[in-house]
Amino acid sequence: MIRSLQRVVRSLGVLLVVVGLTFAIFYVAPIDPALRMCGKPCSPEDLEAARGFMGFDQPWWVQLGTFLAAIFTGRTFGSADVVVECAAPCLGYSFQLHQSVTELLADRFPVSLSIALGAVALQAVLGIAAGALAARRQGGILDRVVTGVSVIAASAPAFVVGLLAVVVFALRLGILPSGGYQPFSEGPLEWARHLVLPWATLAFLNGAIYARLVRSSMIEQLGLDYVRTARATGLSERRIDGYALRNLALPLTTLIALDIGALLGGTVITERIFGQPGLGALLLDATATADLPVIVGTTLVGSLLIVLANLSADLARPLLDRRLAVGRRSSRRPSTPALPDQNPQENLS
């Protein structure tokens, strides 16, 4: 319990550091979002009034404190004449889009969630299966094919793979839509059809990591003593593979959790190629228009998702491997001193 609380505290510390660095980078940069709000012509008085209305007239550390407080209490922009309310949890307000950052993220998050869950499931299944088959046929044709495809996938740019998928499956064959997003509530089949190409692209790029990890770890596991003992007792190869893969649960769980957290934060290139209005596309548009509140809010949410995924993987490690929990309990248990013999005369005899 204490270790879990320590991990939570460390995760919160990391998140605060990320937020502070984000403010320091973007709000100290020579970018003034108030210029877009002020319009043209913009006098110095109007520009200063716009900065005060948006809350950019304070030092960045003051803005950071106000931002953190607004997450729990909400925030009000403007003056007595014109007021913009941002209800808690307030992650800022986009004056360019005339919408709170929290609402923008809530609208885009289902898209990134759909992409992340489908892509991680597909890349994990395909990558683990390919790596296990390659390990079983080490040095054979299948092993060479899996290794070669993994190297190509790991080094291929995402935009090249995505554009090739659009050209082949959408433009040439016409069996899948080239882009766009269909909500799940409006039809599960169309929802899946619009996400097949993003899923396949990300699974091809990231599945190579799973394949190489499983292949190398499986080869190592199959050479251990317990495998030779299992074969000597007549255990089937399928069950041996199951035991070997079970020993890979810890690294695979950590990798899957980190991938989910990273993809939930938005896949900028993939979402742009396939026209998916997710968090990555929102961040890219905000960067192009210097919409700092959206940039900060999206960065914060993406960092939060990665931290939560990493924390979940750490907390799940003792559940996946009981030896870790037993080792921690035994390390906390005080050693029992040896008791003296009750009858020393018997020892002398």
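Treat the numbers as computed from the prediction; the structure is a model and nothing was measured. (Residues numbered from 1 in each chain as written. Predicted model: local features only at pLDDT ≥ 70, side-chain atom pairs only at ≥ 80, totals over all residues. Heavy atoms only, no water.)

Here we look at the packing of aromatic side chains
Worth spelling out the cut-off: Note on ring pairs: Phe, Tyr and Trp rings are taken, using the six-membered ring of Trp, and paired if centres are within 6.5 Å. Classes follow the plane angle, with under 30 degrees stacked, over 60 edge-to-face and the rest tilted.
All chains considered together, the criterion is met by six aromatic pairs. With 5.1 Å between their ring centres and 90 degrees between their planes, F184 and W191 make a pair best called edge-to-face.

Some thoughts on helix α5 (residues 101–136)
We count it as follows: Secondary structure elements are taken from DSSP: a helix is a run of H or I of four residues or more, a strand is a run of E of two residues or more, and numbering for both begins at the N terminus. For a helix, the expected span equals 1.5 Å multiplied by the residue count minus one. A residue's bend is simply the angle between two axes: one fitted to the seven residues ending at it, one to the seven starting at it.
Along its 36 residues, α5 runs 50 Å from first to last C-alpha, staying within 8% of the 52 Å computed at 1.5 Å per residue. Bending of α5 peaks at approximately 35 degrees at the position of R108, with proline P110 no more than four residues after it.

Section: the state of the cysteines
Among covalent bonds in proteins, the disulfide is the one between the sulfur atoms of two cysteines. What counts, and what does not: The definition used for a disulfide is geometric: two cysteine sulfur atoms within 2.5 Å.
Applying the stated criterion across every chain, the model contains one disulfide. Shown here is the disulfide that connects C86 with C90, its sulfur atoms set 2.1 Å apart. Every disulfide takes its handedness from the sign of the S-S torsion; for C86 and C90 that torsion is 105 degrees, giving right-handed.

Some thoughts on the confidence of the model for the protein chain
Heads up, the rule is: pLDDT measures how confident the predictor is about each residue, on a scale from 0 to 100. Working rule for contacts: check all heavy atoms of both residues, and any pair within 4.5 Å makes them a contact.
This prediction gives the protein chain a mean pLDDT of 83; 90% of its residues lie at or above 70. α5 holds the highest mean pLDDT among the elements of the protein chain, 92, whereas helix α16 (residues 344–348) holds the lowest, 37. Residue range residues 334–349 is modelled with pLDDT below 50. Its contacts to residues more than four positions away, or to other chains, number one contact.

Side note on the side chain of S150
Keep this limit in mind: Throughout this description, buried means an accessible area under 20% of the type-specific maximum (1.4 Å probe, protein chains only), exposed means over 50%, and partly exposed covers the range between.
With respect to the helices and strands, the residue S150 is situated in helix α6 (residues 141–155). Residue classification places S150 among the buried positions, given a relative accessible area of 5%. In this structure, S150 is in contact with A208, A211 and R212, ignoring residues within four places of it in sequence.

Focus: the nonpolar core
Heads up, the condition is: Buried Ala, Val, Leu, Ile, Met, Phe, Trp, Tyr and Cys residues form a nonpolar core when they are joined through side-chain atoms within 4.5 Å.
In terms of nonpolar packing, the biggest core is built from 30 residues, with F67, L91 and L105 touching the most fellow members. For this core, the leading source of residues is α5, giving eight residues. With sequence-adjacent residues up to four places away left out, F67 is seen in contact with V19, F23, C90, L91, G92, V296 and L300.

So, the environment of G265
Inspection of the secondary structure assignment puts G265 in the loop between α11 (249–264) and α12 (268–273). Residues within four places of G265 in sequence aside, it is in contact with L279, G280, G302 and L305.

As for the pattern of salt bridges
Filter applied, for reference: Salt-bridge detection follows one rule: a side-chain nitrogen of Lys or Arg within 4 Å of a carboxyl oxygen of Asp or Glu.
Inspection of the entire model under this criterion finds eight salt bridges. Between R51 and E48 there is a salt bridge; the shortest N-O distance is 3.6 Å. A residue pair is termed a helical-turn pair when its members lie 3 or 4 positions apart in one helix, as R51 and E48 do in helix α3 (residues 44–54) at three residues. For the salt bridge of R231 with E237, the shortest nitrogen-to-oxygen distance reads 3.3 Å. Look at R231 and you get partly exposed, because its relative accessible area is 37%. Ionic contacts of the salt-bridge type, sharing partners, join the residues R136, R231, E237 and D241 into one network.

Digging into the environment of V160
Among the secondary structure elements, V160 is positioned in helix α7 (residues 158–172). For V160 and L202, which are 42 residues apart along the polypeptide, the C-alpha to C-alpha distance reads 12 Å.

Regarding unusual backbone geometry
Residue P89 is reached from A88 by a cis peptide bond, and omega for that bond is -5 degrees. Even without a glycine there, the phi angle at H98 is positive, about 55 degrees. Turning to its location among the elements, H98 is positioned in the loop between β3 (93–94) and β4 (99–100). Backbone geometry at A290 places phi at a positive 55 degrees, although glycine is not the residue there. Along the chain, A290 falls in the loop between α13 (279–289) and α14 (292–320). The exposure class assigned to A290 is buried, which follows from its relative accessible area of 15%.

Brief notes about the packing of helix α8 (residues 188–222) against helix α10 (residues 237–246)
Formally: The convention used is that axes are lines fitted to C-alpha atoms, helices contributing only their stretch in contact, and that angles between N-to-C directions extend from 0 to 180 degrees. For any pair of crossing helices, the crossing counts as left-handed if the nearer helix is rotated counterclockwise from the farther one by less than a right angle, and right-handed if it is rotated clockwise. The nonpolar class holds Ala, Val, Leu, Ile, Met, Phe, Trp, Tyr, Cys and Pro. Asp, Glu, Lys and Arg form the charged class, and all remaining residues, Gly among them, are polar.
For the pair α8 and α10, interaxial distance at closest approach is 10 Å and the crossing angle is 115 degrees. Judged by the twist between their axes, the crossing of α8 over α10 is right-handed. Between α8 and α10, the contacting residues are V214, M218, Q221 and L222 on the first element and I240, D241, A244 and L245 on the second. Tallied by class, residues from the contact of α8 with α10 come to six nonpolar, one polar and one charged.

Some details on a nonpolar patch on the surface
Heads up, the rule is: In this analysis, a patch consists of residues with relative accessible area above 30% that form no salt bridge, clustered at 9 Å for like charges and at 5 Å for the nonpolar side chains Val, Leu, Ile, Met, Phe, Trp and Tyr. Here the Shrake-Rupley method, with its probe set to 1.4 Å, supplies the accessible areas, and only the displayed protein chains count as covering residues.
Residues V167, V168, F169, L171, L173 and I175 make up a contiguous nonpolar surface patch of about 530 Å² in total accessible area. Checked against the element boundaries, V167 lands in helix α7. Residue classification places V167 among the partly exposed positions, given a relative accessible area of 36%.

As for the pairing of strand β2 (residues 83–86)
As a reminder, the rule being used: Any two strands with at least two DSSP bridges between them are considered paired.
Here β2 shows a clear split, with V84 and C86 buried on one side and none of V83 and E85 buried on the other. In this structure, strand β1 (residues 75–78) lies alongside β2, joined through four bridges in antiparallel fashion. From the neighbouring strand, F77 faces β2, where its bridge partner is V84.

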